[in-house]
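Listed here are the chains, written in short residue letters.
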Amino acid sequence: MAIFDTTQAKRRQGPRGQYDLLLLVALIGLACVGVVMVASSSIAVADSQHIGEFYFLKKHLLFLTLGLVAAGVAMKTELKLLEKFAFPLLALAFALLLLVFIPHLGMRINGASRWLNMGITSFQPVEAVKLVLVIYMGSYLVRHRESVETRFLGLIKPLIVAGGIVGLLLLQPDFGSAMLVIAVTIAMVWLGGARPIFLFLMGLPLMPALVIAATSESYRMKRLTSFLDPWKDPFNDGFQLTQSLMAIGRGEWTGVGLGSSVLKLSYLPEAHTDFIFAVIGEELGLAGVLAVMALFALVVGRGLYLGLKGVDVGQRFAGYVAFGISLMIGLQAIVSIGVNLGALPTKGLTLPLISYGGSSMVLTCAMAGVLLRATYEINRALDARQGSHRVAVATTATDDVATAALPEHEAEAA
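Let me begin by describing the structure that accompanies this report. Keep in mind the model is a prediction, meaning the values are calculated, not measured. (Residues numbered from 1 in each chain as written. Predicted model: local features only at pLDDT ≥ 70, side-chain atom pairs only at ≥ 80, totals over all residues. Heavy atoms only, no water.)

Take empty space enclosed by the protein next. Think of a ball as big as a water molecule: rolled over the atoms, this probe shows where empty space is left. Per the stated rule, a full pass over the model turns up 3 cavities of 30 Å³ or more. Approximately 50 Å³ is the volume attributed to the second largest cavity. Leu159, Ala162, Gly163, Val166, Ile182, Thr185, Ile186, Met202 and Leu206 are the residues that line the second largest cavity. Taken together, the elements giving at least two residues each to the lining of the second largest cavity come down to α8 (156-171) and α9 (175-191). Among the elements that line the lining of the second largest cavity, the one with the most residues is α8, at 4 residues. Counted by class, the lining of the second largest cavity contains 7 nonpolar, 2 polar and no charged residues. (1 Å grid on protein atoms, 1.4 Å probe; cavity = no way out; pocket = protein on both sides within 12 Å on 5 of 7 lines; lining within 4 Å. Points joined across faces, edges and corners; volume = space filled by probe spheres on them. Helix = DSSP H or I, 4+ residues; strand = E, 2+ residues; numbered from the N terminus. Nonpolar A, V, L, I, M, F, W, Y, C, P; charged D, E, K, R; others polar.)

Below, the structure is given as structure tokens:
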């Protein structure tokens, strides 16, 4: 009777999924830090432009609201639907990257064609491309698992796709995002089981192209060299980094206090976007810096851990998506923080979920929603496995009890 009740409940209710609580808390924590720091860092910028001191904060809250809606939709969408439409989404991503080069539709800002004119606002296609790339790579690794693990030819298609995206990004130009695409592609293929020698051969043709791209433009060479010694030319090529380093240095252990930053007052360029981490360092000190880094580490750590669980329980697409999104968020955070600390050349990448930016905020929230959905489906598969194990144990125990209750001669026959 106990077995009957258990199996009946299993059939009626099915395995239960749940979103990862630690991951959800970390993502919400980063978004909350973003709201506070955009409010603090953008007031001086908005005031200097005479558009109202809370202009950027209001827009940030609007973008965050749209992002939460996108995340909510993603959390309720079965991953098999995204897997089914992986190739059409990839084609759409390439189309979006090409549209930025069409006059009047594409917007050229500061010498870069990275935005689409949407009328009431602008849209940066690369933010959507990051999510689409993860979905496509996850789908490919599921469909061609054996080929990826055993043959170099299995990596040709991902190489072509990543190379095409990188080529279009370099034409915009967007060197930072191009490097991010390469890193995430190689990491996902490696986690998908590819041999290290295959990865080396995969990355080999990309190296000369990246070197040429990095050295072909004078402004890129200045970025590569100025971060090595920003104090050599602190009022020109090294201006951004020297201001960022001074801001972080002023913060010391506990910071100068929320809202009390001096460098954000028209000294630190892009204080509410690319260099918001420097403002965090100045106002919240080392304590705030470590807290933000810990939240990102938690997001990446939980994503990778649950990705491994997903592969283990047969939810390979969910596992690969968890790998890709956590790596995309983590690597972008590392680059953004590295730029602010002077460890990397200036790349123009925002700090995920914290920096001001419409496209970045909405699409990062959507990525977070897909990541949470992946954890839901992985936990559902884990619950199904545990339920099957419980039923098997209960069945064995009941059979043992029934055998023990039989007369001795019948028990021996059983």
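Okay, back to it.
Mapped onto the secondary structure, Asp174 falls in the loop between α8 and α9. Arg114 is the oppositely charged side chain nearest to the buried, salt-bridge-free Asp174, at an N-O distance of 4.3 Å. In terms of polar contacts, Asp174 uses its side chain to reach the side chain of Ser177, at 2.8 Å. Those residues in contact with Asp174 that sit more than four places away from it in its chain are Arg114, Gln124, Val126 and Leu169. (Buried < 20%, exposed > 50% of the residue type's maximum accessible area, 1.4 Å probe, protein only. Lys, Arg positive; Asp, Glu negative; His and termini not counted. Salt bridge = Lys/Arg side-chain N within 4 Å of Asp/Glu carboxyl O. Polar contact = N/O pair within 3.5 Å; in protein donor to acceptor, adjacent residues only side chain to side chain. Contact = heavy atoms within 4.5 Å.)

What follows is about the pattern of salt bridges. All told, the structure shown has 9 salt bridges when counted by the stated rule. Its salt-bridge partner being Arg380, residue Glu78 comes within 3.4 Å of it at the nearest N-O pair. Taken together, the residues Glu78 in the loop between α3 (55-75) and α4 (79-84) and Arg380 in helix α16 (residues 358-405) connect sequence positions 302 residues apart. Overall, the relative accessible area of 23% leaves Arg380 in the partly exposed class. Members of the salt-bridge network, linked through shared partners, are Glu78, Arg373, Glu377 and Arg380.

A separate point is the pairing of strand β1 (residues 106-109). With 4 bridges joining them, β1 and strand β2 (residues 112-117) adopt antiparallel strand pairing. Its bridge partner lying in β2, Met107 is registered against Trp115. In this structure, the hairpin formed by β1 and β2 is closed by a connection of 2 residues, where Asn110 is found at a positive phi of approximately 55°. (Pairing = 2+ DSSP bridges.)

We now examine the pairing of β2. In terms of burial, β2 is a largely internal element, 5 of the 6 residues being buried. When β2 meets strand β3 (residues 122-123), the two strands line up antiparallel, connected through 2 bridges. Bridge pairing in β3 links Leu116 to Phe123. Taken together, β2 and the strand that follows it, β3, pair antiparallel across an intervening segment of 4 residues, in which Gly119 is found at a positive phi of about 90°.

With that settled, consider the sheet that holds β3. As summarised here, the arrangement of the 3 strands in space is β1-β2-β3, forming an open sheet in which the pairing is antiparallel. Each of the sheet's edge strands pairs with one partner strand only, and the pair in question is β1 and β3.

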